[in-house]
Amino acid sequence: MHIIVLEKYPSSQRGGQERSLVDVTRQLAQRGHRITLIYGSSGDLLPQYEAFCDRMIPVRDFAILRSWQSLLWFVADLWTVLHQLRAESQVGLQAESTIVYINQPYDVPFAAALSWLKNVPLVCHLRLPSPVDFGFQRRLTIGRVKQFISVSAANRQGWISQVKAPIAVVHNGVMPDRFVRQTSLLDLRSAWQIPEGDRVICYVGRLDRMKGLGTLCSAFAKILETHPQSQLLIAGKPLQDEACYQTELEQLCIELGLDDRVRFLGHIDQAIEVFHLSDVSVVPSQWAEPFGRTIIESMMAGTPVVASRVGGISEVLAGEFSSGLFTARDVDDLAQTLGSSLNWRQDDPTLGDRTQDYAKQRFHLDDKVDAIEQIFFQVTSPITVEGDLYVA
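Residues numbered from 1 in each chain as written. Predicted model: local features only at pLDDT ≥ 70, side-chain atom pairs only at ≥ 80, totals over all residues. Heavy atoms only, no water.

Within the element layout of this structure, T36 appears in strand β2 (residues 34–39). Polar contacts involving the side chain of T36 include one to the side chain of H2, which spans 2.7 Å. (Helix = DSSP H or I, 4+ residues; strand = E, 2+ residues; numbered from the N terminus. Polar contact = N/O pair within 3.5 Å; in protein donor to acceptor, adjacent residues only side chain to side chain.)

What follows is the structure, encoded as structure tokens:
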């Protein structure tokens, strides 16, 4: 199968959405599918795409902005993509089935035009919550999508009234072998200059207001009252709120007397090490988090998670791990939930292994790509299937 993938921002610094797409498409390429990447800007994920993509085509944007120049660019880019894809068909590759696959509905104007001109199905992954205002262009073109894939049932529920095509649910996944710890906890903490007896809490993700970091810092101040030898590691950089939000957080830590116990690490390419050296990771989101990829990354590393009870997070932290859920924006609830989790290495020493086993069983990337691949096969089948195609 030929899968034409659209990715506007191929950068790991934006978050889990972009990293999930490169993981899925790499796996599909390893299974023998041919990948063409159409991308809107440069980013640190492009070298990874280059390793497995058959072709990579840059464009200016996936929507028409409010100018004639933008319209002309849109048409020119569309023609360039069609010309390059047509060249492939002239060398004997036209017999394979083809789909257009996008990672967010905001890219649907370009994808819909390409899908219509090539007369191939369009599949859209729903990794973001349903917007309040979807915009005229996207409302006009979203009907071209033949199948949606949502990362959680909660996220799917928010989209049902917005779209007509069926919505399958496939949770995110990661490869367990990436999360094997290469050194002992003692040596790892020594390398990070963390005293042996300290408790370590981490946050990995974007530094945006909707991520609830103010709640986390305030809750950490309460943790220090009962666990004075604790540290909070914050890995990530601002995106939506730019650099001023990190400055606000740093000032909040000073006001709370935390500045010597909180470390802002900036963006880290390999955050796995941060999970490995931590006792607990926290996802304190205030918005309707569609899934929360860092939750399963932390669990694959054997590190328990405390997270807000919002969006699709409750589908991830299920069973015994639902004890890690707290009420979003509630500082006291977060502090209490964190406090009851910090000493697990002494109180429940097998929790790390159980956490890892749970993540492997439920969120293995191979299983998720199986589901996505099955959806792709079915949307290219001449037999019409009504309703949701696959749920995992």
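Text resumes after the structure shown.
Strand order in the open sheet formed by seven strands is β3-β2-β1-β4-β5-β6-β7, with parallel pairing between adjacent strands. The open sheet is flanked by β3 (55–58) and β7 (167–169), the only strands paired with a single partner. Taken pair by pair, the neighbouring strands of this sheet meet at an average axis angle of 20°, ignoring direction. For strand β6 (residues 147–150) and β7, the ladder comprises three bridges, and the chain directions are parallel. Residue pairing in the sheet places S150 in a bridge with V169 of β7. The strands touched by helix α4 (residues 108–118) within the sheet are β1 (2–7), β2, β4 (98–102) and β5 (122–126), with β4 carrying the most contacts at an inclination of about 175°. Along the sheet, helix α16 (residues 365–379) contacts β1, β4, β5, β6 and β7; its crossing angle with β6, the most-contacted strand, is approximately 170°. (Pairing = 2+ DSSP bridges. Axes fitted to C-alpha atoms, helices over the stretch in contact; angles between N-to-C directions. Contact = heavy atoms within 4.5 Å.)

So, on to the nonpolar core. Within the largest apolar cluster, 62 residues are counted, with the highest numbers of intra-cluster contacts made by I295, L317 and L338. Per element, the largest residue contribution to this core is eight residues, and it comes from helix α8 (residues 213–226). Sequence-distant contacts of L338, defined by excluding residues within four places in its chain, comprise I201, L216, I223, V280, V282 and V306. Core analysis: the second largest hydrophobic core is formed by 31 residues, A111, L126, F134 and V163 among them. (Core = buried A, V, L, I, M, F, W, Y, C linked by side-chain atoms within 4.5 Å. Buried < 20%, exposed > 50% of the residue type's maximum accessible area, 1.4 Å probe, protein only.)

So, about the pattern of salt bridges. If you walk through the whole model with that rule in mind, you get 20 salt bridges. In this structure, R60 engages D77 in a salt bridge whose closest nitrogen and oxygen atoms are separated by 2.8 Å. Of this pair, R60 sits in the loop between β3 and α3 (68–93) while D77 sits in helix α3, and the two are 17 residues apart along the sequence. Put simply, E320 and R354 hold a salt bridge, and the shortest N to O gap is 3.1 Å. Placement of E320 in the loop between α12 (313–316) and β13 (325–326) and of R354 in helix α15 (residues 351–362) is noted, with a sequence separation of 34 residues between them. The partly exposed category is assigned to E320, whose relative accessible area is 43%. Overlapping salt bridges bring together R19, D23, R26, R293 and E297 as one network. (Salt bridge = Lys/Arg side-chain N within 4 Å of Asp/Glu carboxyl O.)

What follows covers unusual backbone geometry. Positive phi, normally seen in glycine, also occurs at Q193, with a value near 60°. Mapped onto the fold, Q193 is located in the loop between α7 (185–191) and β8 (199–204). Phi at R329 takes a positive value of approximately 75°, unusual for a residue other than glycine. Exposure remark for R329: the relative accessible area of 55% places this residue in the exposed category.

What follows covers the packing of helix α1 (residues 16–30) against helix α11 (residues 293–300). Close contact between α1 and α11 brings their axes to 10 Å; oriented N to C, the two are set at 65°. Relative to α11, α1 is oriented roughly perpendicular. Residues G16, R19, S20 and D23 of α1 form the contact with α11, whose own contacting residues are R293, T294 and E297. By residue class, the composition of the contact of α1 with α11 is no nonpolar, three polar and four charged. (Parallel < 35°, antiparallel > 145°, perpendicular 65-115°, else oblique. Nonpolar A, V, L, I, M, F, W, Y, C, P; charged D, E, K, R; others polar.)

Tracing the chain through its elements places L114 in helix α4. According to the relative accessible area criterion, L114 is buried, its value standing at 0%. When the C-alpha atoms of L114 and V100 are compared, they prove to be 7.8 Å apart, with 14 residues separating the residues in sequence.

On to the sheet that holds strand β9 (residues 230–235). Read from one edge of the open sheet, six strands run β10-β9-β8-β11-β12-β13, paired in parallel fashion. Each edge of the sheet is formed by a strand with only one pairing partner; in this case those strands are β10 (262–266) and β13. Looking at chain direction, strand β11 (residues 280–283) and strand β12 (residues 305–308) are connected through three bridges and run parallel. Each residue of the ladder has a partner; that of V282, found in β12, is V306. The sheet strands contacting α11 are β8, β11 and β12, and the helix crosses β12 at an angle near 170°.

Residues in a regular strand project their side chains so that they alternate between the two faces of the sheet. Within β8, six of the six residues are buried, which leaves the element mostly enclosed by the surrounding structure. Here β8 shows a buried face lined by R199, I201 and Y203 and a second buried face lined by V200, C202 and V204. Examined bridge by bridge, β8 and β9 share six bridges and lie parallel to one another. Paired with C202 across the strands is L233, a residue of β9. One crossover worth recording links β8 to the parallel β9 by way of α8, and it is right-handed. One ladder, built from two bridges, connects β8 with β11; its direction is parallel. (Right-handed = clockwise from strand over helix to strand, strands pointing away.)

Glancing now at the packing of α11 against α15. Viewed as axis vectors pointing N to C, α11 and α15 meet at an angle of 125°, and their least axial separation amounts to 7 Å. Classed by the angle they form, the pair α11 and α15 counts as oblique. For the pair formed by α11 and α15, the contact residues are I296, M299 and M300 on the first element and T355, Q356, Y358, A359 and K360 on the second.

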